[in-house]
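Summary of structural features
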Amino acid sequence: MTVRICAAAAAILVSAGCGASSTTSTPSKPLPPVNVRALSLKEGFGDMDRLAAAARQEGSLNVIGLPHDWMNYGGLIATFTEKYGVKVNEIEPNASSARQIQAASQLRPDVFDLTLDVAVAHANRFAPYRVAGWQDVPDDVKDPSGSWYAAYGSYMSIGYDPRVPAPASFADLAKPGYTVALDGDPLRSEAAFDGVMAASLERGTPHVRRGVELFGKLGQAGRLTDPARANVIVTWDHVNARRAAQRPDGWKVVIPKDAPLGSYHVQAIYKNAPHPAAARLWEEFLFSDEGQNLLLRGYARPARAEAMLMHGKLDTQMGAKLPVPPGPPVLLTIPQTDAGKSYLKREWTKSVR
């Protein structure tokens, strides 16, 4: 994933030294009052110690839609609690992006982890905040006002049993010998929907009919099945890479060079967050070098990876375990995503049986 790089400026508090007289000194400038709803760390807290103190005073953090086996969120939550002494209340870990928004007023999460289209559609429900690593996040996956910002990304991939020929493209899956699974129902699962969209790419542009026709042919041939019975699984590369690390059969992962579909998940703070300081501390933690490397251990592609690599902060040993992408990702626009979902609502059920 490409990242625009900017050097981070460090804020340094310097005590005044002795002047001409040994009996006088210049007092330190007092720190500004804490503002738990500020737009940045510097404006609201001055430094991480004061932010952490404000979060500990609130006592807890409410997160939603963060299963422990997704992007190493189990490790992230445990590390955050140990590091800052803030209890994390985990609400509906398997909630989809749409469900997170739907349930917000009732369940009152502090933070969201969302697909880009959902975040854009509901930006007015978020509290703007720019993390310290803001400049390292690609411009096209962050809202200029700070309402939402990408934390990590993935490529759509083809995972396959090494006993079948390595597929070089989605079109290869129509050949005999492959039993194929999507990661769920594309009418309900974002991962499955994006699998269809990846199969529809032609020279970087989605032609949704193309993807539906491919999976329709597989369905008609009896070769579209569930992941437990498939020798090919189409899903995000972090899921397939984790599967490869856990399976003893040598599971392989490829990102087709003619369909490098990528996607980011973005973070946002709920504007009615019951723990606004803890929410901002969580975001600073996720976008810190430590947090980004913990995401990488979940086989995610950290949004700040390029800047971290330049400064020698990236876990390159873990990064080497990710599938090699064929180039920069194709990111679907909101209109392309909306058009794809509308087409699948009309055509999927009758085309794929």
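Everything discussed here concerns the structure shown above.
Residues numbered from 1 in each chain as written. Predicted model: local features only at pLDDT ≥ 70, side-chain atom pairs only at ≥ 80, totals over all residues. Heavy atoms only, no water.

Let's talk about the environment of Gly319
Counted only if it meets this: Comment: elements are numbered from the N terminus, with helices defined as DSSP H or I runs of at least four residues and strands as E runs of at least two.
Mapped onto the elements of the fold, Gly319 is located in helix H12 (residues 316-319). Separated by 205 residues in the primary sequence, Gly319 and Leu114 place their C-alpha atoms 23 Å from one another.

Focus on the nonpolar core
Put simply, the rule is: Grouping buried Ala, Val, Leu, Ile, Met, Phe, Trp, Tyr and Cys residues that are joined through side-chain atoms within 4.5 Å yields what is termed a nonpolar core. Each residue gets one of three labels from its accessible area relative to the maximum for its type: buried under 20%, exposed over 50%, partly exposed in between, using a 1.4 Å probe on protein chains only. Throughout, a residue-residue contact means that at least one pair of heavy atoms, one from each residue, lies within 4.5 Å.
Residues Leu61, Tyr73, Phe80, Phe112 and Trp282 are the most contacted members of the largest nonpolar core, which totals 56 residues. Counting residues per element, this core draws most heavily on helix H9 (residues 276-287), at eight residues. With near-sequence residues (within four places) excluded, Phe80 lies in contact with Leu61, Gly85, Val86, Val88, Ala278, Leu281, Trp282 and Phe285.

Concerning unusual backbone geometry
With phi around 40°, Glu92 is a residue other than glycine that occupies positive phi space. By the secondary structure assignment, Glu92 is in the loop between strand S2 (87-91) and helix H4 (97-107). Even without being a glycine, Tyr299 presents a positive backbone phi close to 70°.

Focus: the layout of surface pockets
To find leftover empty space, a probe the size of one water molecule is rolled over the atoms. Heads up, the condition is: Here the term cavity refers to a set of points on a 1 Å grid, laid over the protein atoms alone, in which a 1.4 Å probe fits but cannot get out; the term pocket refers to an open set having protein on both sides within 12 Å along at least five of seven lines, with lining residues being those that place an atom within 4 Å of a point. Grid points are joined across faces, edges and corners, and a volume is the space filled by probe spheres set on the points.
What the second largest pocket holds in volume is close to 770 Å³. Forming the boundary of the second largest pocket are 36 residues, of which Thr115, Glu190, Ala191, Trp236 and His265 lie nearest the centre. Taken together, the elements giving at least two residues each to the lining of the second largest pocket come down to H4, strand S3 (111-115), helix H5 (116-121), strand S4 (149-160), helix H6 (190-199), strand S10 (261-269) and helix H13 (334-351). Looking at the lining of the second largest pocket element by element, the count peaks at five residues for S10.

Points about the side chain of Lys142
Our working definition: Here a polar contact is recorded for every N or O atom pair within 3.5 Å, except that within protein the pair must consist of a potential hydrogen donor and a potential acceptor, and residues adjacent in sequence are included only if both atoms are side-chain atoms.
Counting through the fold element by element, Lys142 comes out in the loop between H5 and S4. A distance of 2.8 Å separates the side chain of Lys142 from the backbone oxygen of Trp134, its partner in a polar contact. Each residue touching Lys142, except ones within four places of it in the same chain, is listed here: Trp134, Gln135, Val137, Trp148 and Tyr149.

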